[in-house]
Amino acid sequence: MTAPTEGGRSARTEADGKYGAYGGQYVPEALMPAIEELTDAYERYVLDNEEGFIDEFRRRLADFGGRPTPLQRADQLSARYDREVYLKREDLLHGGAHKLNNALGQVLLAQYMGKDRIIAETGAGQHGTATAMAAAHLDMPCEIYMGETDIARQRPNVFRIRTNGAEVVPVTTGRGTLKEAISETMRDWAGTVENTHYVIGSIVGPHPFPALVRTFQSVISEEARRQARDRIGRLPDSVVACAGGGSNTMGAFDAFRDDDVALYAVEAGGSSLGVDQDRGVAPNSASLSTGTEGVLHGARTKLLQDGDGQIVESHSVSAGLDYAGVGPELAHLVDRGQVEPVAVDDDDALEAFHRLSQAEGIIPALETAHAFGYLETVSEGQADGLGEVVLVNVSGRGDKDLETVLEETADRELSVAPNMDVLRRAGGLGGGQADAADQGE
Amino acid sequence: MTVGLTETFEEPAFVPYLVAGDPGYEDSLAYVETLADAADVIELGLPFSEPIAEGPTIQEAIVRALEEGMTPERYLAFVRELSVETPIVCMTYYNLLYQYGDEPGPRPFVRAAARAGIEGFVVPDLPVEEADPLRAACDEFGLDLIFIVAPTTEGARLARIRELVSGYVYVQARMGTTGAREDVSGRTAASLARIDGWSVPKAVGFGIKTGEHAERIVRAGADGIIVGSALVEIVASGEDRAAVTDRIATKAAELKRGALAGDE
Ligand SMILES: Cc1ncc(COP(=O)(O)O)c(C=O)c1O
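None of these values were measured; they are calculated from a predicted model.

**Q** I'm lost on the overall build of chain A in this one. Help?
**A** Broken down by element type, chain A carries 18 helices and 14 strands. Taken against the 2.2 N^0.38 rule, which gives 22 Å for 441 residues, the C-alpha radius of gyration of chain A at 20 Å falls within 12% of a compact globule. In terms of principal-axis extent, the alpha carbons of chain A reach across some 60 × 50 × 45 Å. Taken over 441 residues, chain A has a buried fraction of 63%. Summing over all exposed atoms, chain A offers an accessible surface of approximately 15,000 Å²; the carbon and sulfur share of this is 45%. Charge centroids of chain A, computed over 40 positive and 71 negative side chains, lie 4 Å from each other.

Dropping the structure here:
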């Protein structure tokens, strides 16, 4: 789990929380003492395994979380793309996404630190769900901040969070998505930091969060690397993972950083790339590909912003990628040419969602579908650095997205989408645009 | 380091905050000028889209100002246009300072701010860890850099802030975000005690709403009081310019009177 023993990769830039020009600690003074306390706890418990923290974490990840997750050969995709496609099945982790690796680690760490309340933001609701589960598991009270737009488009996860006994606090500012949810959770923390731990959901925020979250998520690539050796007898030529804040991404890349493995971070291309300066919106969430350096939510990183430095509203069909920033470490690796950022738009992600579901019997999260969308783009003849053996991180499962996909699919011409007439005839297309359109006919 | 702002704290100071451009450019000019009578320093907010240290009242003011087209460039024009003698301190978030002008970093904005007549900065998302470039730019152009001391700030952090701060120190009266409260925090006296020997004046903010609060805070040892949300609430009432101006003047006078009474 921890880096120092895994040779070579210890030469990290994280000691001062800087990744090249990125990272740092841009937060209100009131939070700084807690951030210093967290840095200390990260070094002692997580890096040095004091009081057996890491041992307990691993045990709980196995017993409660179901680790290790499988490495699976995707037979149909391998045939389709004429190369070996392997899947790292984080969708099979408890909660249905990679998010539990981090949430369980941080809630446990909060307990070691003597905190007695947990707060978190969530976009897709997966991190909220994972945090609510971890908090219930470890008997801690928990509140989840979630934008109202996301509450509507990720309803199943709202049910799951509430069912696990956590509160959901709706955030109504701005567009009501992940950016606003993070801001609001930081505001809560500024008032409650003395007894509360903020379980941030991705490799974003002030140091030590990006390092802490990456360390917890590295289990993905540590397992995958071992499994690839054992199962395939070699390492993959490339790893492909979607990137919102970038936690599944860095988790899937980390153990391969010193290997000759190409790393692809697939961002949400939304409806088009670029920032609309006049309207102050970016119809995408492609901060690695198109963003510029700036400061947001405690870190210097690549951002979607206008010429003045106002953060613009991002867009993606997938709530978990819909964010104007990205983890500072990932931004740094992109600048250094160690990670290749690519973008997949809403349509291609939806197609990939249907394709993976039909071809492999795996319904992916819409976030994850972006990674598979990239495989398809490449197969259409673009430049190809993927090589013969590709590892795709299946960051999460798509049950939470079924309503959204139904509505979004009804709005578009997608060649692979199943027709839902059977539902329509039975009057079972509940709510949403699909239904409204139907009644108009 | 300059001592420009320090001199304005000879008697208990009233330091009001408003968001520039809230609810629109012209109204806002009138409101800020109204404050000038009672105010010793004016903290003028340059609105940023992600104000993580603000409570709902100021967040909403920022949204109004942004929707009416406030930008860093217009903010500087706004400051130039103000006909007030009262020193103006720019309160904003780091990304706006960082992005302005053609070289990355805070220097171009600090230079432009100095030319527009701004005398200092408060940047709530910039702890001392990241403040060296801004401190250097403020030194270069003769501006003060105010830091916030929170109820949780202790030990080595206090020492570091003491080294970098100039003008006045912003003592955060309570944990949490900005917003007017019905009571004043019991933590204020303890916070003031921790910075007792500092040479810069101590201005207390976060939650102050009435003249009576102001009086108590000055009595507890503050050299000044900072009031934002209680004034922004008046702007937010949506009444016409004359009515808002009137109420701001009354509130400002009440707060200044309270501060002075605390010194008796
Ligand atoms: C399944 C899944 N994948 C990916 C993401 C994006 O987050 P990150 O980029 O931090 O992995 C999310 C976020 O909610 C998610 O739920």
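What follows picks up the thread again.
**Q** Explanation requested: the nonpolar core in the structure shown.
**A** Generally speaking, a soluble globular protein has its nonpolar side chains buried in company with each other. By size, the foremost hydrophobic cluster in this structure holds 200 residues, and its most contacted members are F53 of chain A together with Y75, F109, F121, Y168 and I225 of chain B. Discounting chain neighbours no more than four positions away, the residues touching F109 of chain B are L46, P72, Y75, L76, C90, L97, Y100 and F121 of chain B. One finds V240, V266, A349 and V378 of chain A within the second-largest nonpolar core, a separate group that totals 30 residues.

**Q** What exactly am I supposed to notice about the sheet that holds strand 13 (residues 340-345) of chain A here?
**A** In a beta sheet, neighbouring strands pair by backbone hydrogen bonds and run either parallel or antiparallel. All names here are of chain A. Spatially, the 6 strands line up as an open sheet ordered 3-4-14-9-10-13, and their pairing is mixed. What marks the edges here is a single partner per strand, and that holds for strand 3 (71-73) and strand 13. Taken over all neighbouring pairs, the strand axes of this sheet differ in orientation by 30° on average, direction set aside. By the bridge criterion, 5 bridges tie strand 4 (residues 84-88) to strand 14 (residues 389-393) in an arrangement that is parallel. Bridging across to strand 14, K88 finds its partner in N393.

**Q** What am I meant to see in the pattern of salt bridges here?
**A** Should their charged atoms come close, side chains of opposite charge can pair. In total, this model carries 54 salt bridges over all chains according to the counting rule given. Between D188 of chain A and R117 of chain A there is a salt bridge, with the nearest N and O atoms lying 2.8 Å from each other. You can see D188 of chain A sitting in helix 8 (residues 178-192) and its partner R117 of chain A sitting in strand 5 (residues 117-122), a full 71 residues away along the chain. Residues D188 of chain A and R117 of chain A agree in their burial class; the two are buried. With a closest N to O distance of 2.6 Å, E184 of chain A and R187 of chain A form a salt bridge. Placement of the pair is E184 of chain A and R187 of chain A together in helix 8, with a separation of 3 residues, close to one helical turn. Through salt bridges with shared partners, a single network forms among E29 and E36 of chain A together with E129 and R157 of chain B.

What counts and how
- Residues numbered from 1 in each chain as written.
- Chains lettered and ligands numbered in written order.
- Predicted model: local features only at pLDDT ≥ 70, side-chain atom pairs only at ≥ 80, totals over all residues.
- Heavy atoms only, no water.
- Helix = DSSP H or I, 4+ residues; strand = E, 2+ residues; numbered from the N terminus.
- Rg over C-alpha atoms; globule rule 2.2 N^0.38 Å.
- Buried < 20%, exposed > 50% of the residue type's maximum accessible area, 1.4 Å probe, protein only.
- Areas by Shrake-Rupley, 256 points an atom, 1.4 Å probe, with all protein chains shown as cover.
- Lys, Arg positive; Asp, Glu negative; His and termini not counted.
- Charge placed at Lys NZ, Arg CZ, Asp CG, Glu CD.
- Core = buried A, V, L, I, M, F, W, Y, C linked by side-chain atoms within 4.5 Å.
- Contact = heavy atoms within 4.5 Å.
- Pairing = 2+ DSSP bridges.
- Axes fitted to C-alpha atoms, helices over the stretch in contact; angles between N-to-C directions.
- Salt bridge = Lys/Arg side-chain N within 4 Å of Asp/Glu carboxyl O.

Read these as spatial facts, not as claims about activity.
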